[in-house]
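Understanding the architecture of this molecule
Spelled out from the first residue to the last, the chains are:
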Amino acid sequence: MTMPSTTIPLPPTPRRAHYDAVIVGARCAGASTALLLARAGLKVLAIDRRPYGSDTLSTHALMRPAVVQLSRWGLLKPLLEAGTPLIETTTFHYGDDAITIPLDGGPNLPGLIAPRRTVLDRVLVDAALKAGAEFLHDAAVGDLFADTQGRARGVEIRSAGRAALRVSADIAIGADGIGSLVAKCCNAEVLRSGSVSAAHVYGYAPVEPGAGYHWYFRDGIAGSLIPTNDGQACIVASMPTRLFDQRFRLGHAPARLEVLEALSPTLAEQASRAPKDVRLHMFRGVPGYVRQAYGPGWALVGDAGFFRDPITAHGISDALRDAEGLARAILDGSEGAFAAWQQERDLVANQILDTTDAVASFDWTLGDVGEIHRRLSAVMKAEVQSLADRQIPSRASAAGRPTAYRVPANQDERQPPAGSSRRGASNLHRNRTGARP
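Notes on the structure in this doc start here. (Residues numbered from 1 in each chain as written. Predicted model: local features only at pLDDT ≥ 70, side-chain atom pairs only at ≥ 80, totals over all residues. Heavy atoms only, no water.)

Regarding the overall build of the chain
Assigned secondary structure in the chain consists of twelve helices and 19 strands. Taking as baseline every contact in the chain between residues at least 6 positions apart, the subset at least 24 positions apart corresponds to 75%. Within the structure as shown, the chain displays about 19100 Å² of accessible surface, and the carbon and sulfur contribution to it stands at 52%. (Helix = DSSP H or I, 4+ residues; strand = E, 2+ residues; numbered from the N terminus. Contact = heavy atoms within 4.5 Å. Areas by Shrake-Rupley, 256 points an atom, 1.4 Å probe, with all protein chains shown as cover.)

Overview of the pattern of salt bridges
What the rule picks out here adds up to 24 salt bridges. When salt bridges with common partners are traced through the structure, they connect Asp303, Arg308, Asp318, Arg321, Asp322 and Glu383 into a single cluster. (Salt bridge = Lys/Arg side-chain N within 4 Å of Asp/Glu carboxyl O.)

Digging into unusual backbone geometry
Here the phi dihedral of Asn187 falls at roughly 55 degrees; this positive angle occurs in a residue that is not glycine. Structurally, Asn187 can be placed in the loop between helix 5 (181-185) and strand 9 (190-193). Of the residues examined, Asn187 reaches a relative accessible area of 47% and is grouped as partly exposed. Unusually for a residue other than glycine, Ala313 sits at a positive phi of about 50 degrees. Counting through the fold element by element, Ala313 comes out in the loop between strand 18 (306-307) and helix 9 (315-332). (Buried < 20%, exposed > 50% of the residue type's maximum accessible area, 1.4 Å probe, protein only.)

With respect to the sheet that holds strand 4 (residues 97-102)
Read across the open sheet, the seven strands follow the order 4-3-11-12-13-10-14; overall the sheet is mixed. Each edge of the open sheet is held by one strand with a lone partner, namely strand 4 and strand 14 (281-283). Pairwise comparison of adjacent strand axes, ignoring direction, gives a mean angle of 15 degrees for this sheet. Pairing analysis gives five bridges linking strand 3 (residues 89-94) to strand 11 (residues 213-218), with the strands arranged parallel. (Pairing = 2+ DSSP bridges. Axes fitted to C-alpha atoms, helices over the stretch in contact; angles between N-to-C directions.)

Observations concerning the sheet that holds strand 15 (residues 289-291)
As summarised here, the arrangement of the three strands in space is 9-15-18, forming an open sheet in which the pairing is antiparallel. The open sheet has two free edges, formed respectively by strand 9 and strand 18, since each of these has just one partner strand. With two bridges joining them, strand 15 and strand 18 adopt antiparallel strand pairing. From the neighbouring strand, Tyr289 faces strand 18, where its bridge partner is Phe307.

Some words on helix 10 (residues 335-360)
For helix 10, built from 26 residues, the straight-helix expectation of 38 Å at 1.5 Å per residue is met to within 8% by its first-to-last C-alpha distance of 36 Å. Remark: Phe362 follows helix 10 within two positions and exhibits a positive phi of approximately 60 degrees. (Expected span 1.5 Å × (residues − 1).)

A few points about the pairing of strand 8 (residues 165-174)
Of all ten residues in strand 8, nine are buried, a share of seventy percent or more. Two elements, strand 1 (residues 18-24) and strand 8, share six bridges in a ladder whose sense is parallel. Across the sheet, Ala21 pairs through a bridge with Ile171, a residue of strand 8. Of the pairings in the sheet, the one linking strand 7 (residues 152-158) to strand 8 comprises four bridges and is antiparallel in character. Considered in strand 8, the bridge of Glu156 is made with Arg166. Linking strand 7 to strand 8, which pair antiparallel, is a turn of six residues; within it Gly161 sits at a positive phi near 90 degrees. Where strand 8 meets strand 17 (residues 298-300), three bridges bridge the pair, whose relative direction is parallel. Along strand 17, the bridge assignment pairs Ile173 with Ala299.

A word on the nonpolar core
Most often, soluble globular proteins have nonpolar side chains that are buried together. Residues Leu37, Leu70, Phe135, Ile173, Tyr213, Trp215 and Phe217 are the most contacted members of the largest nonpolar core, which totals 87 residues. In terms of nonpolar packing, the next biggest core, distinct from the first, is built from 24 residues, Leu225, Ala237, Leu267 and Ala268 among them. (Core = buried A, V, L, I, M, F, W, Y, C linked by side-chain atoms within 4.5 Å.)

As for the packing of aromatic side chains
On inspection of all chains with the given rule, the structure shows nine aromatic pairs. When the ring of Tyr213 is compared with that of Trp215, the centres are 5.5 Å apart and the planes differ by 70 degrees; the resulting orientation is edge-to-face. Residue classification places Trp215 among the buried positions, given a relative accessible area of 9%. Following the ring pairs from residue to residue traces out a cluster consisting of Phe92, Tyr94, Phe217, Phe362 and Trp364. (Phe/Tyr/Trp six-rings, centres within 6.5 Å; stacked < 30°, edge-to-face > 60°.)

Examining the side chain of Asp318
Looking at the element boundaries, Asp318 is found in helix 9. On the basis of relative accessible area, Asp318 is assigned to the buried category, the value being 1%. A distance of 2.9 Å separates the side chain of Asp318 from the side chain of His314, its partner in a polar contact. The residues contacting Asp318, other than those within four sequence positions of it, are Phe306, Arg308 and Ile352. (Polar contact = N/O pair within 3.5 Å; in protein donor to acceptor, adjacent residues only side chain to side chain.)

Side note on the packing of helix 2 (residues 64-72) against helix 9
Two elements in contact, helix 2 and helix 9, have axes separated by 8 Å at closest approach and are oriented at 50 degrees. Judged on the interaxial angle alone, helix 9 and helix 2 are oblique. With respect to the hand of their crossing, helix 2 and helix 9 are arranged in left-handed fashion. Residues Pro65, Ala66, Gln69, Leu70 and Arg72 of helix 2 form the contact with helix 9, whose participating residues are Ser317, Leu320, Arg321 and Glu324. Classifying every residue of the contact of helix 2 with helix 9 by side-chain character gives four nonpolar, two polar and three charged. (Parallel < 35°, antiparallel > 145°, perpendicular 65-115°, else oblique. Left-handed = near helix turned anticlockwise from the far one by under 90°. Nonpolar A, V, L, I, M, F, W, Y, C, P; charged D, E, K, R; others polar.)

Here we look at the environment of Leu62
For Leu62, the location among the structural elements is in the loop between strand 2 (44-48) and helix 2. According to the relative accessible area criterion, Leu62 is buried, its value standing at 0%. Each C-alpha atom, one on Leu62 and one on Ile226, is 9.9 Å from the other, the two residues being 164 residues apart in sequence.

Thoughts on the environment of Arg218
With respect to the helices and strands, Arg218 occurs in strand 11. Given a relative accessible area of 25%, Arg218 falls into the partly exposed group. A sequence separation of 148 residues divides Arg218 from Leu366, and the C-alpha atoms of the two residues are 6.8 Å apart. Aside from chain neighbours lying at most four places away, what touches Arg218 is Gly95, Asp96, Ala262, Leu263, Trp364 and Leu366. Here Leu263 takes part through its backbone oxygen, which lies 3.0 Å from a polar atom of the side chain of Arg218.

Here it is as structure tokens:
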């Protein structure tokens, strides 16, 4: 008897040899950048090592700027229709005192949301695909390559079952997180380093419909309850990294429950509703940083360019804001546009890093942390106003007609795709990480 053969499908390959932009990483920062560039008519390829629709560690909570962005892009409604609960109140618990704030900023900001990343990232990718962007999941970028002047010219893609291949692009965008390969390949300078790190232990438990955000603070510890999809809340215990190292060695679940109980018996009881085998997720903490945002043929968005501790839940807001700023700079194409984007990013990033480090240091009194939150709220109000005053990036001219796409600043004459011929390959050289020529 002949057994039927099993055919293992090979991973997909890019449809083009050259793109206007190739993006390394297709989470919220990369998918947002792909969406905006594709809507403006550019040929975009985004590459991610994880499967389409997969989960990732996240606090989930979106702040006002992120919700405004998603509303402007037409994606708030799909997220709500996917079952993401609308958060209508946020409560700050400073010791035994609680301050509840209603959330309703009008049509573009009816409340806040905290979608699971299986929902948010998929909605962003689907919208980008609809706009014409191309995605490769389950594929990794192993290196960048450059021309003889040192300008990034594209990426080398590696995936199981295929030989490595090169794809050229006018600009390579790193949306690949804290350990960004693009940042390493391009020697992106660290413009500022944070001074503290905090550890966070995440778990999920059932929550009643209509629950709001809850943020808890007591001397030396913090926590949160963040309603998300499927009737679940993300419940987080936060502490200085040194305390995590001391108390969590012998078991994460008991130590987490101790922290939650110290913060609030109500919060600990809520967490105890989780199934006994619920998986906890840990983040030991990394000091924040602001990296150089762009260079010859490359740029960084999301955590690749700016990281702040999750304790202020501003990471997704930063990712969406910086994606729009970068898209605007790419569509303009001038050196001045890129410089203005980095300047604006740094202005906001430094304020957010200041307030986030102040909270994550745990070197505060309950009165102090309330004042820090008021400063952060003022920064977010300014962000929302700035977004409201701007048009979504496009290639429309002042007369309203589409303009020709201009290759980003300092771009030499476009090189032939690497590997397309020996002549094309001869224009490339080893990049700063020692990639194969």
